[in-house]
Amino acid sequence: MTGQPGRTGRGAGQASAGDLLELVRSGRAVTRGALQQATGLSRATVGQRLDRLFRAGWLREGAGGPVDSPLGGRPSITLEFDDEHAVVLAADLDTRHARAAVLSLSGEILTEHSGTLVIEDGPDAVLGELGRWFAELLVKTGHGAEAVCGVGVAVPGPVDTETGRVVQPPIMPGWDGYDIRDRLARALTEHAGAAGVPVLVDNDANLMAYGEQRTGYPACSAFVLVKVSTGIGAGVVVDGAVFRGIDGGAGDIGHIRVPEGAEALCRCGSYGCLAAVASGGAVARRLAEAGVPAASGSDVRDLLASGHPEAVGFAREAGRRVGDVLATVVTLLNPGVLMIAGDLAGTPFLTGVRELLYQRALPRSTAHLDVVTAKLGERAALVGAGAMVVEHLYAPERVEERLRVLGV
């Protein structure tokens, strides 16, 4: 029997404890009666499966719900996902800086730390230091190692999410094919005593897009975020899920060839890439050539914040070049929201994007498009990384595996 409206896809009588948890977490069914109706399970079977989730500490009872019967009676007890039974660790690595945080299972950042971590120092050193940061953050929140259910890491390069390894990353020398999961797990064991914690890795633009879409635009079924910092990358969220392509390479728009960049050498080794002429790094080089001290996208961000005229002009020009490429992206994906994020995200760059985007794209493609700047700012990838871990660990099929390990 296939799934029916209001029922889980497993069919009547087949919904697992993981399916029940998913129904509660999504808000589709939050009482025992609603779970029976949604799954076709008997009252006794629902009770048995909920009991496993209560014993694991993943569910709790909330306030009484409305009385459905016209004859009155006691209100139904609602069920809630207990977001306090564990915490998630998250990190966002950039080329020269990083942020790390402890998050609740609902995505609230409990504490965070940012500081210098140079990606070119290599994965062993960077991930070892990140393990120390996480240990210190856990002490600050008062959580022990046993409270950590998982770790999410955002990196500035393409990621094969099946293995957690970056694949030929142009701005991460020494990281290609490196086992990030294993090294960070060892660092957590060494510094925080957290052994066997699952580590998930994804591209930073993907996780920024995921965090921003879930937080600010949950009803948007096609969402695109473009990060313009040292490099340029895009994250795409379709129907609530990150679109990664066949092996994690989706959204790598910084390496689309553009006519203006024919003589510009990109860090990937090719000439003519968009990132070579319109990234924060490219704008910083142009400023340096003009005698303005700037070495990175973050330097450009600071100059833009102070209203530096040459930085403003170069940023607007970079925005026009990116907008020209985004006209194709918008025509292909027809998103409802196009969000600009990263070091260059601001009025000059956004103005340039809009100029070329609306000039090049057909009106049909932009009629229902909102072009906006990031709302979560530097925390977007942390929020996205935390959400990635929670969705992975509490997916119905994984819930069953974890409950068996817990012996409940």
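Not measured: the values here are computed from a predicted model.

Colleague: When you look at the sheet that holds strand S11 (residues 232-238) in this model, what are you seeing that I'm missing?
Modeller: The strands that make up a sheet pair up through hydrogen bonds in the backbone, lying either parallel or antiparallel. Here 5 strands make up an open sheet; going across it, the order is S12-S11-S10-S13-S14 and the pairing mixed. Edge positions in the open sheet fall to strand S12 (241-242) and strand S14 (370-373), since each of these has one partner strand only. Direction of pairing for S11 relative to S12: antiparallel, over a ladder of 2 bridges. Of the residues in S12, the one forming a bridge with Val237 is Val242. Running at roughly 165 degrees to S14, helix H11 (residues 347-360) makes contact with strand S10 (222-228), strand S13 (337-341) and S14 of the sheet.

Colleague: So what exactly am I meant to see when it comes to the nonpolar core here?
Modeller: General note: in soluble globular proteins, nonpolar side chains tend to be found buried as a group. Formed by 44 residues in total, the largest nonpolar core has its most connected members in Val226, Ile232, Leu287, Leu326, Leu338, Phe349 and Leu357. At the level of secondary structure, the elements contributing two or more residues to this core comprise S10, S11, helix H7 (274-278), helix H8 (280-289), helix H9 (297-305), helix H10 (309-333), S13 and H11. It is H10 that contributes the most residues to this core, 10 residues altogether. Excluding residues that lie within four positions of it along the chain, Leu326 makes contacts with Val226, Ile253, Leu338, Ile340, Val353 and Leu357. Formed by 36 residues, the second largest nonpolar core is a distinct cluster that contains Val87, Leu117, Ala147 and Val153.

Colleague: How do you make sense of the packing of aromatic side chains when you look at a structure like this?
Modeller: Each aromatic ring pair is specified by the distance between its two centres and by the angle formed by the two planes. Following the criterion strictly, the structure yields 3 aromatic pairs and no others. On the numbers, 5.3 Å between centres and 80 degrees between planes, the contact of Trp58 with Tyr394 is edge-to-face. Residue Trp58 is found in the loop between helix H3 (43-56) and strand S1 (59-64), and its partner Tyr394 is found in the loop between helix H13 (380-393) and helix H14 (396-406); the two are separated by 336 residues along the sequence. One exposure class covers both Trp58 and Tyr394, and it is buried. Here the aromatic rings of Phe81 and Tyr394 are separated by 5.1 Å at their centres, their planes lie at 75 degrees, and the arrangement is edge-to-face. Pair noted here: Phe81 is in strand S2 (residues 77-81) and Tyr394 is in the loop between H13 and H14, with a separation of 313 residues, a long-range link. Each of the two residues, Phe81 as well as Tyr394, counts as buried. Within the aromatic cluster, the residues linked to one another by ring pairs are Trp58, Phe81 and Tyr394. Over the ring of Phe81 we find Arg25, and its NZ or CZ is 5.2 Å from the ring centre. One Lys or Arg, Arg402, reaches over the ring of Tyr394 and ends 4.7 Å from the middle of that ring.

The rules we used
Residues numbered from 1 in each chain as written. Predicted model: local features only at pLDDT ≥ 70, side-chain atom pairs only at ≥ 80, totals over all residues. Heavy atoms only, no water. Pairing = 2+ DSSP bridges. Helix = DSSP H or I, 4+ residues; strand = E, 2+ residues; numbered from the N terminus. Contact = heavy atoms within 4.5 Å. Axes fitted to C-alpha atoms, helices over the stretch in contact; angles between N-to-C directions. Core = buried A, V, L, I, M, F, W, Y, C linked by side-chain atoms within 4.5 Å. Buried < 20%, exposed > 50% of the residue type's maximum accessible area, 1.4 Å probe, protein only. Phe/Tyr/Trp six-rings, centres within 6.5 Å; stacked < 30°, edge-to-face > 60°. Lys NZ or Arg CZ within 6 Å of the ring centre and 35° of its normal.

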